[in-house]
Amino acid sequence: MSYTITVETAPIPTGGAGPAYVSVSDLTINEISISYGRQTIDQNVDPSSCSITFLLDSSLGQFDFDAFDLGYVLRVRAAVDGFPNSRVRFVGIVTDMSIDRDTMTVSAVSQLISRYGKYALPTAVTLNSTAGFICAAIANAALPGIPNYVFGAMANYWADGTFALDADFQIGANALESLLTTAASEPYGFIYEDFGTQGMRSTDQDSRTQKNPDFELTGDEIIDEWEVSKSVTSQLTKAIVNYVGGQTSYDVPDSLGELEKTYDTIIVSLAQADEFARMTAARGLNLRYEIPKLTIPLATLSSARQDQLLGYGPFYGIRINSFVRIPLIRPYVQRDYFVEGWSETISRHRWDWTLHLSDIGRSRYFQRWNQISATLQWEDVSATQTWADLYYDWI
């Protein structure tokens, strides 16, 4: 149940060197708040943010006002006692500092997404390929404007993609908008920062096909405060898709919805644009009661469980796209979710990790026959089973 939080800062180095971090953990930290990822599947991922409040005077001494300045690099790491390796929870640049009578608050924002958003492509990216290869070409073109002094050698991972796309991003095009358009040309594709790999990542329709949960949480591992709802305002009535050759749409049969959405893509063929529209609309059918977020009180868990949930490196621990199963709360409440992002609140005796979730039925892609259990027989399938149900549940 013991852990160590380390807060480090450094001036931005010159010449591409890594930051010379100095720990400021000996200053009296009152609270750390971190926001990462997104809250729903309908949002783009914003830059991550971190706010740290320090006490100006305490029994440990006075705050060192020379420790921070605007533009400094800020890093937050967590180490679980008894386990090697620290976990980076945040890296960014200090953007705001404020002082009141008792405290000083330092705020920082991560730099990958925000820097892409400030950068115009110096060369054109014109390519007929799938999303992953186009994203890689955009990132390579934008590389001179990306802050390698913060992240060192970045390890980007772009999911291959499954649809044929036609990219035509000219000189001066915004790098972030180009990445967003390309990633979103996959059904529910998106881009995000990953502090484990210290780079950017993207998803395609194969990114959420795991059949079994990555993590199962027990009743004593979550705070029992929740509210569920469903509404026709969240239900699609029509999906409109702009593609290279024009526009197509799909009207959701018998929908009670009030929501009509337009998707701008660089999909090449009408057939795949139609498939995009159908797949997107299907996720708005038969909405269920779902929990949009839950909180894990990490400070109360064993060190072994902390280590397991936090993980180390790009493929361990809870991450964006992790499949999480929660305990049974009520029979009508969905138990299976994907992680879209999180917020963390850390203080002297508290570490609350709030996961933002989406029902797997709204964000998992179409089932394939080779993903169905080989032991399943047709006579075991319920006579009331419909194909629409399969958008939400594995057989």
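Quick caveat, the model's predicted, so the values are computed rather than measured. In this numbering scheme, every chain counts its residues from 1 along its sequence in written order. In keeping with the predicted nature of the model, local features appear solely for residues at pLDDT of at least 70, side-chain atom pairs appear and are counted solely at 80 or more, and the whole-chain, interface and lining totals rest on all residues. Derived side-chain values reflect all non-hydrogen atoms in the structure, with water molecules and hydrogen atoms excluded from consideration.

Caption draft 1: The arrangement of the overall build of the chain in detail. From N to C terminus, the chain includes eight helices and 21 strands. Of all 395 residues assigned to the chain, the portion counted as buried reaches 51%. Considering only residue pairs separated by 6 or more positions, the chain has 67% of its internal contacts joining residues 24 or more positions apart. By definition, any uninterrupted DSSP run of H or I lasting at least four residues is a helix, any uninterrupted run of E lasting at least two residues is a strand, and each is numbered from the N terminus. Working definition: with a 1.4 Å probe on protein chains only, accessible area under 20% of the residue-type maximum means buried, over 50% means exposed, and in between means partly exposed. Should any heavy atoms of two residues lie within 4.5 Å, those residues are counted as being in contact.

Caption draft 2: Structural detail: the sheet that holds strand 15 (residues 236–243). Taken together, the three strands give an open sheet; going across it, the order is 16-15-17, and neighbouring strands pair in mixed fashion. Both outer strands of the open sheet, strand 16 (246–251) and strand 17 (259–264), are each paired with one neighbouring strand and no more. Between one strand and the next, the sheet's axes are offset by a mean angle of 15°, whatever the strand orientation. Inter-axis angles, ranging from 0 to 180 degrees, are taken between N-to-C directions of lines fitted to C-alpha atoms, where helices are fitted over the stretch in contact. In the packing of helix 5 (residues 270–282) onto the sheet, the strands contacted are strand 15, strand 16 and strand 17, and the crossing angle to strand 15 comes to about 155°. Strand pairing follows a simple DSSP-based rule, namely that at least 2 bridges must link the two strands.

Caption draft 3: Here's a closer look at the side chain of Thr 203. Considering the arrangement of structural elements, one finds Thr 203 in the loop between strand 13 (199–202) and strand 14 (215–216). Apart from residues no more than four positions distant in its own chain, Thr 203 is found in contact with Ala 159, Glu 186, Tyr 188, Gly 189, Phe 190, Tyr 192 and Asn 321.

Caption draft 4: Fine view of the pairing of strand 8 (residues 87–99). Note that strand 7 (residues 73–80) and strand 8 share six bridges and pair antiparallel. Considered in strand 8, the bridge of Val 73 is made with Ile 93. Here strand 7 hands over to strand 8 after six residues, with Gly 82 in that stretch at a positive phi of 90°. As paired strands, strand 8 and strand 9 (residues 103–109) are joined by six bridges and run antiparallel to one another. Across the sheet, the residue bridging to Ile 93 is Val 109, located in strand 9. The turn joining strand 8 and strand 9, which pair antiparallel and follow one another in sequence, is formed by three residues.

Caption draft 5: Here's a closer look at helix 4 (residues 175–183). Buried residues dominate helix 4, accounting for seven of its nine residues. Inspection of helix 4 places Ala 175, Leu 176, Ser 178, Leu 179, Leu 180, Thr 182 and Ala 183 among the buried residues, and these make up the whole buried set. Identification of polar contacts relies on pairs of N or O atoms within 3.5 Å, with a donor-acceptor requirement for protein atoms, meaning one able to donate a hydrogen and the other able to accept it, and with residues adjacent in sequence counted only if both atoms are side-chain atoms. Structurally, the start of helix 4 carries an N-cap: the backbone nitrogen of Leu 176 is 3.0 Å from a side-chain oxygen of Asn 174.

Caption draft 6: Local environment of the side chain of Ser 178. The residue Ser 178 is located in helix 4 in this model. Judged by its relative accessible area of 2%, Ser 178 is buried. When near neighbours in sequence (up to four residues on either side) are disregarded, Ser 178 contacts Leu 121, Ile 138, Phe 169 and Ala 173.

Caption draft 7: A look at unusual backbone geometry. In this structure, Tyr 188 takes a positive phi of about 60° despite not being glycine. For Tyr 188, the location among the structural elements is in the loop between helix 4 and strand 12 (191–194). Under the relative-accessibility criterion, Tyr 188 is labelled buried at 15%. Non-glycine residue Asn 321 carries a positive phi angle of around 85°. Here Asn 321 shows up in the loop between helix 6 (303–310) and strand 19 (323–325).

Caption draft 8: Looking closely at the environment of Arg 325. Within the fold, Arg 325 resides in strand 19. Relative accessible area serves as the criterion here: at 23%, Arg 325 is assigned to the partly exposed category. In this structure the C-alpha to C-alpha distance between Arg 325 and Glu 216, which are 109 residues apart in sequence, comes to 4.7 Å. Excluding residues within four positions of it along the chain, Arg 325 makes contact with Pro 213, Phe 215, Glu 216, Leu 217, Arg 335 and Asp 336. A polar contact is formed between the side chain of Arg 325 and the side chain of Asp 336, at a distance of 2.6 Å.

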